[in-house]
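Residue strings, one per chain:
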Amino acid sequence: MFKVNKIKNFENLLQEIELVNETQHTSAKINLNAGGSLQELIFNGITIISDLESSGYSDIYASAILFPFANRIKLGKYTFKEKQFNLEKNDGNNALHGLVYNKIFHFVESEESESYASVTIAYQEKDIVSGFPFKFSIFLTYTLTTEGINLKVDVKNEDNKAFPFNLGWHPYFFSSNLKESNLEMDSTTKLIFDLEMIATGVEDSVVKKPFSIGERYFDDCFKLNKSSIIFKTPVYFVKLSSDSEDNYLQIHTPNIKNILAIEPITGPANSFNNKIDLQILEPGKTYSVKWNIEIQAYD
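Residues numbered from 1 in each chain as written. Predicted model: local features only at pLDDT ≥ 70, side-chain atom pairs only at ≥ 80, totals over all residues. Heavy atoms only, no water.

A. Local environment of empty space enclosed by the protein. As enumerated under the stated definition, the model contains one cavity of 30 Å³ or more in all. When its volume is computed, the largest cavity comes out at roughly 70 Å³. In terms of lining residues, the largest cavity is bounded by 13 residues, among which L224, S227, S242, N247 and P264 are the most central. Within the residue set of the lining of the largest cavity, elements represented by two or more residues are strand 23 (228–232), strand 24 (236–242), strand 25 (248–252) and strand 26 (259–265). In terms of residues, the lining of the largest cavity owes the most to one element, strand 24, which gives three residues. Across the lining of the largest cavity, the residue classes break down as eight nonpolar, five polar and no charged. (1 Å grid on protein atoms, 1.4 Å probe; cavity = no way out; pocket = protein on both sides within 12 Å on 5 of 7 lines; lining within 4 Å. Points joined across faces, edges and corners; volume = space filled by probe spheres on them. Helix = DSSP H or I, 4+ residues; strand = E, 2+ residues; numbered from the N terminus. Nonpolar A, V, L, I, M, F, W, Y, C, P; charged D, E, K, R; others polar.)

B. The sheet that holds strand 2 (residues 14–21), seen in detail. If you trace the five strands from one edge of the open sheet to the other, you get 1-2-3-4-5, paired in antiparallel fashion. This sheet does not close on itself; its edge strands, each paired only once, are strand 1 (3–8) and strand 5 (46–49). Across the sheet, the mean angle separating the axes of adjacent strands is 20 degrees when strand polarity is ignored. As paired strands, strand 1 and strand 2 are joined by six bridges and run antiparallel to one another. Looking at the pairing, K6 lines up with I17 of strand 2. (Pairing = 2+ DSSP bridges. Axes fitted to C-alpha atoms, helices over the stretch in contact; angles between N-to-C directions.)

C. Structural detail: the sheet that holds strand 21 (residues 211–212). Read across the sheet, nine strands follow the order 11-12-13-14-28-24-23-18-21 without closing on themselves; strand pairing throughout is antiparallel. Two strands bound the open sheet, and with one partner strand each, they are strand 11 (106–112) and strand 21. Note that strand 23 and strand 24 share five bridges and pair antiparallel. Its bridge partner being in strand 24, K232 is matched across the sheet by F237.

D. Region of the structure containing the side chain of E125. Tracing the sequence through the fold places E125 in the loop between strand 12 (116–124) and strand 13 (136–145). Buried charge without a partner: E125 forms no salt bridge, and the closest opposite charge is K103, 4.8 Å away. Here the side chain of E125 touches Y123 through a polar contact of 3.2 Å, side chain to side chain. Setting aside anything within four residues of it in sequence, one finds E125 in contact with K103, F134, K135 and F136. (Buried < 20%, exposed > 50% of the residue type's maximum accessible area, 1.4 Å probe, protein only. Lys, Arg positive; Asp, Glu negative; His and termini not counted. Salt bridge = Lys/Arg side-chain N within 4 Å of Asp/Glu carboxyl O. Polar contact = N/O pair within 3.5 Å; in protein donor to acceptor, adjacent residues only side chain to side chain. Contact = heavy atoms within 4.5 Å.)

E. Representation of unusual backbone geometry within the structure. Residue F67 is joined to P68 through a cis peptide bond whose omega torsion reads 5 degrees. Here P68 shows up in the loop between strand 6 (64–66) and strand 7 (72–73). For N44, which is not glycine, the phi torsion reads 50 degrees and is therefore positive. Take N44: it is sitting in the loop between strand 4 (37–43) and strand 5. Taking relative accessible area as the criterion, N44 reaches 40% and is therefore assigned partly exposed. Positive phi values are uncommon outside glycine, yet H97 reaches one of about 65 degrees. Tracing the backbone through its elements, the reader meets H97 in the loop between strand 10 (95–96) and strand 11. Classification of H97 as buried rests on a relative accessible area of 4%.

F. Spotlight on the pairing of strand 5. Across three bridges, strand 4 lies against strand 5 in antiparallel orientation. Its bridge partner being in strand 5, I42 is matched across the sheet by T47. Counted between consecutive antiparallel strands, the loop separating strand 4 from strand 5 contains two residues, among which N44 sits at a positive phi close to 50 degrees.

G. Fine view of the pairing of strand 11. Bridge count for strand 11 against strand 12 is six bridges, and the pairing is antiparallel. Bridging from a neighbouring strand, E112 pairs with A117 of strand 12. Connecting strand 11 to the antiparallel partner strand 12 that follows it, the hairpin turn spans three residues.

What follows is the structure in structure tokens.
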């Protein structure tokens, strides 16, 4: 039986929600005070996403939801409908990872059953910021099953004017030996970055066969031809898939042993300026995307 546990802090305020199947030694921990992020995932007793709280969430954005932009906006500046906007810079000269990664989400509803547990949490922008002066609501629904976990994100434009956006997710996967792990994806296009990791264009880069992580350092973004990728470790493999029309994958090797960030995004860095697969959400409309993590342990 799957259960939903609500965990309060010392002030008796709801801080975390756990989706749990104790019989299968499976659990997912979601932190409402850290942008509704998935801070830990244990599947059949195997650590898939490790709790990196000691590494500093504000520094590494572990499992953060990236909205209304993923990765960097050059100089925090962009123009939309012939008007210039200035975002707060939180990464040197640039704006990084959107506006909800550090927001407090609230509980909406949950479900428990023999085959899954799910929870929906939400954040509504009330304090309009000058760099993104638009009202919106964002809902996150995490569903833990016997096969893995999926995340559905719904963004509603609550304003009377359209706004630009893309969406991303920033999970860090744990491997017992990252050097002996590999990735498999279908891509023929790679983003070109400048020295500040600002996307300036694209180049041909055929990636189809599994490639070993080895000793390589990654901070790369690929446009995917297929909506799924596979990450294989010595203990388990993950199939990460998306129902988005446009799919990019950012891969990053942090300075944490045996950890790899595998980040699905709907548009690349600096899309507010380079316009690559930038999306527009009209007033009253809702955009939805679902990311699914299917897990299989080796016998």
